[in-house]
Amino acid sequence: MSEALLVQEAGAAPVAAPASGARQFWRRLRAQRAAAVAAVVVLLLLLTAIGAPLLAALAGQDPQTYHPDLVDSAAGGVPIGSFGGISADHWLGVEPQTGRDLFARVVYGARVSLGVAVAATVLQVTIGVIVGLAAALGSRWVDQVLSRITDINVALPLMVIALGLLAIVPPSFPRPVLIALVIGGINWAGTSKIVRAQALALKSLDFVSAAQLAGRGRWSIARRELLPSLAAPVITYAALLFPVNITVEAALSFLGVGIKPPTPSWGQMLTEADTWYQSAPTYLLIPAGLLFVTVLALTVLGEGVRTALDPRAASRLRIGTGREKRAERTKEQTS
C-alpha cells in the first residue's frame, strides 16, 4: 500500500472523536463481521508471539536444536517423511538441512516479525505526531522548514535507504532493534502530514481559542486540547501502517539485510526456503501463508477501525454490509 493511499484513507477520519467515546467505537467495530474476525486472528497471532516459549515447550521442541537424523543427507538435506517431515513430535515438519523444528521457529518468528512491526509503528507515529504538531503550532518559518523536511522524507526511497543503512551497521547491533529504528526513523512523514493538517484545522475552533485566551502555552494546548482530538486519525493511520511494516521487515529479511540467522523471522525463513520450494514446499508455504494471513487480517482490521472511527465514510471493503447492499439494490430498483 503506497504512502499516498495511506494518507488519503487516514485523512478521512474525523477531527474530533465521537462524544460517546470508546463504547460507541467498540460497538461499531463489533458490528462489522469481517473486522471482528480479523481482530480475532490478530489477537491469536499476538498471543502466539507472546507465548512462543510456552508453545514451543508444549510441543517439546526448541527453535535452535538440530535434528540431523530427520533429514536425508544423501538427497541434500531434504526432510524425511511426508509434507516436510510432519509427525506427532514435529507438528509442522522440520527445516531442510538442519532438521530444526519448524513449528518452534514459526512461533518464535512471529515474535520477531510482529515485534519489529509494533516498534516501528510506535516510533514513526511518535516522530510524526511531534513533527506535525511542531509545524502546526510553530511560527511560519518553523512550519516551512518542517514541511520541506517532511516533503523530502516522503520522496526518499525507503527500501533503498534501509538496504544501505542495514548493510553498514556492525553485526553486533541487535538486528530487530535496528530494523525497527530504520523503518520508524524513515517512514514518519505520512503521520506528520496528517497531524499538521488536522491541527491547523483545530486551531481555528473555539475551544482552542479559549485556551489561548486563558494564557496556556503552545505545548499545553497541544497536550490538553489537540492530542485528544487527533487520536482518531492517528490511530487509524497506525492501524494501516502496521501491516505495511510487517511486509517491509519481511522484504528486508528476504533480501538478506534483515534478521540474521539463527534468529528466526518469517521473512528470513522465506529467504532460506527459496531453494526448497520443489523438494520441501511446506517450508516455503507455511511462512508465506502466515505472512499473507497476517497482512490481510491487519488490513481488514485497519479498514474496520477507520470505518468505526468515522461512520460517515463508507467502508471501502464493504465490511459486513449485506443488509446495506440489499437496501441499496432496492433503492436503485425503485428509483
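The structure displayed is predicted, hence computed values, not measured ones.

### Focus on the confidence of the model for the chain
Keep in mind that low pLDDT regions are not for reading the predicted coordinates in detail.
Then, in step 1: Averaged over all residues, the pLDDT of the chain is 81; the fraction at 70 or higher stands at 86%.
Then, in step 2: Counted against residues more than four places away or in other chains, residues 11-20, with its pLDDT under 50, gives 21 contacts.
Then, in step 3: Taken together, the stretch residues 314-320 has pLDDT below 50 and engages in 21 contacts with residues farther than four places along the chain or on a different chain.

### Some words on helix α5 (residues 102-137)
Then, in step 1: Helix length check: α5, at 36 residues, gives a terminal C-alpha distance of 52 Å against a target of 52 Å (1.5 Å per residue), a fit within 8%.
Then, in step 2: With respect to burial, α5 is a largely interior element, 26 of its 36 residues being buried.
Then, in step 3: Measuring from the side-chain oxygen of the N-cap residue of α5 to the backbone nitrogen of Phe-103 gives 3.3 Å; that N-cap residue is Asp-101.

### Here we look at the pattern of salt bridges
Then, in step 1: Tallied over the full model, the rule gives 5 salt bridges.
Then, in step 2: A salt bridge links Glu-95 to Arg-100; its shortest N-O distance comes to 2.7 Å. Of the two residues, Glu-95 and Arg-100, both sit in the buried class.
Then, in step 3: Residues Lys-193 and Asp-151 are paired through a salt bridge, measuring 2.8 Å at the closest nitrogen-oxygen approach. Here the residue Lys-193 occupies a position in helix α9 (residues 189-203), and Asp-151 occupies one in helix α6 (residues 140-155), the gap between them amounting to 42 residues.
Then, in step 4: Overall, Lys-193 belongs to the partly exposed group, its relative accessible area being 35%.
Then, in step 5: Owing to a relative accessible area of 29%, Asp-151 belongs among the partly exposed residues under this scheme.
Then, in step 6: Among the charged side chains, a salt-bridge network with shared partners connects Glu-95, Arg-100 and Arg-105.

### Remarks on the packing of helix α12 (residues 266-273) against helix α13 (residues 281-309)
To describe two helices that pack against each other, one gives the angle between their axes and the distance between the axes.
Then, in step 1: Running from amino to carboxyl end, α12 crosses α13 at an angle of 145°, the nearest separation of the two axes being 9 Å. For the pair α12 and α13, the crossing hand works out as left-handed. Listed contacts from α13 to Trp-266, Met-269, Leu-270, Glu-272 and Ala-273 of α12 are Tyr-283, Leu-284, Pro-287, Ala-288, Leu-290, Leu-291 and Thr-294.
Then, in step 2: Here the contact of α12 with α13 is composed, by residue class, of 10 nonpolar, 1 polar and 1 charged.

### Focus: the packing of aromatic side chains
Between two aromatic rings, the relevant description is the distance of the centres plus the angle of the planes.
Then, in step 1: Per the stated rule, a full pass over the model turns up 1 aromatic pair.
Then, in step 2: The interplanar angle of 55° and the centroid separation of 5.0 Å between the aromatic rings of Trp-91 and Phe-103 together place this pair among those described as tilted. Of this pair, Trp-91 sits in the loop between β2 (78-79) and α5 while Phe-103 is found in helix α5, placing the two residues 12 residues apart along the sequence.
Then, in step 3: According to the relative accessible area criterion, Phe-103 is buried, its value standing at 14%.

### Some words on the nonpolar core
Then, in step 1: Among the nonpolar cores identified, the biggest contains 33 residues, and Ile-246, Trp-266 and Tyr-283 are the most heavily contacted of them.
Then, in step 2: Sorting the residues of this core by element identifies α2 (22-31), α3 (33-50), α5, α11 (218-254), α12 and α13 as the ones contributing at least two each.
Then, in step 3: Counting residues per element, this core draws most heavily on α13, at 10 residues.
Then, in step 4: Ignoring anything within four residues of it in the chain, the contact list for Trp-266 reads Leu-45, Val-106, Gly-109, Ala-110, Ser-113, Pro-287, Leu-290, Leu-291 and Thr-294.
Then, in step 5: Formed by 19 residues, the second largest nonpolar core is a distinct cluster that contains Val-125, Ile-194, Val-208 and Leu-226.

### Some details on the environment of Gln-144
Then, in step 1: Mapping Gln-144 onto the fold places it in helix α6.
Then, in step 2: Given a relative accessible area of 40%, Gln-144 falls into the partly exposed group.
Then, in step 3: Among the polar contacts made by the side chain of Gln-144, one reaches the side chain of Arg-148 at a distance of 2.9 Å.

### Describing the side chain of Arg-175
Then, in step 1: With respect to the helices and strands, the residue Arg-175 is situated in helix α8 (residues 175-186).
Then, in step 2: Glu-249 provides the closest opposite charge to the buried, salt-bridge-free Arg-175, at an N-O distance of 9.4 Å.
Then, in step 3: Side-chain polar atoms of Arg-175 contact the backbone oxygen of Leu-166, separated by 2.7 Å.
Then, in step 4: The contact partners of Arg-175, leaving out residues within four places of it in the chain, are Leu-166, Val-169, Val-257, Gly-258, Ile-259 and Lys-260.

How each quantity is defined
Residues numbered from 1 in each chain as written. Predicted model: local features only at pLDDT ≥ 70, side-chain atom pairs only at ≥ 80, totals over all residues. Heavy atoms only, no water. pLDDT = per-residue confidence, 0-100. Contact = heavy atoms within 4.5 Å. Helix = DSSP H or I, 4+ residues; strand = E, 2+ residues; numbered from the N terminus. Expected span 1.5 Å × (residues − 1). Buried < 20%, exposed > 50% of the residue type's maximum accessible area, 1.4 Å probe, protein only. Polar contact = N/O pair within 3.5 Å; in protein donor to acceptor, adjacent residues only side chain to side chain. Salt bridge = Lys/Arg side-chain N within 4 Å of Asp/Glu carboxyl O. Axes fitted to C-alpha atoms, helices over the stretch in contact; angles between N-to-C directions. Left-handed = near helix turned anticlockwise from the far one by under 90°. Nonpolar A, V, L, I, M, F, W, Y, C, P; charged D, E, K, R; others polar. Phe/Tyr/Trp six-rings, centres within 6.5 Å; stacked < 30°, edge-to-face > 60°. Core = buried A, V, L, I, M, F, W, Y, C linked by side-chain atoms within 4.5 Å. Lys, Arg positive; Asp, Glu negative; His and termini not counted.

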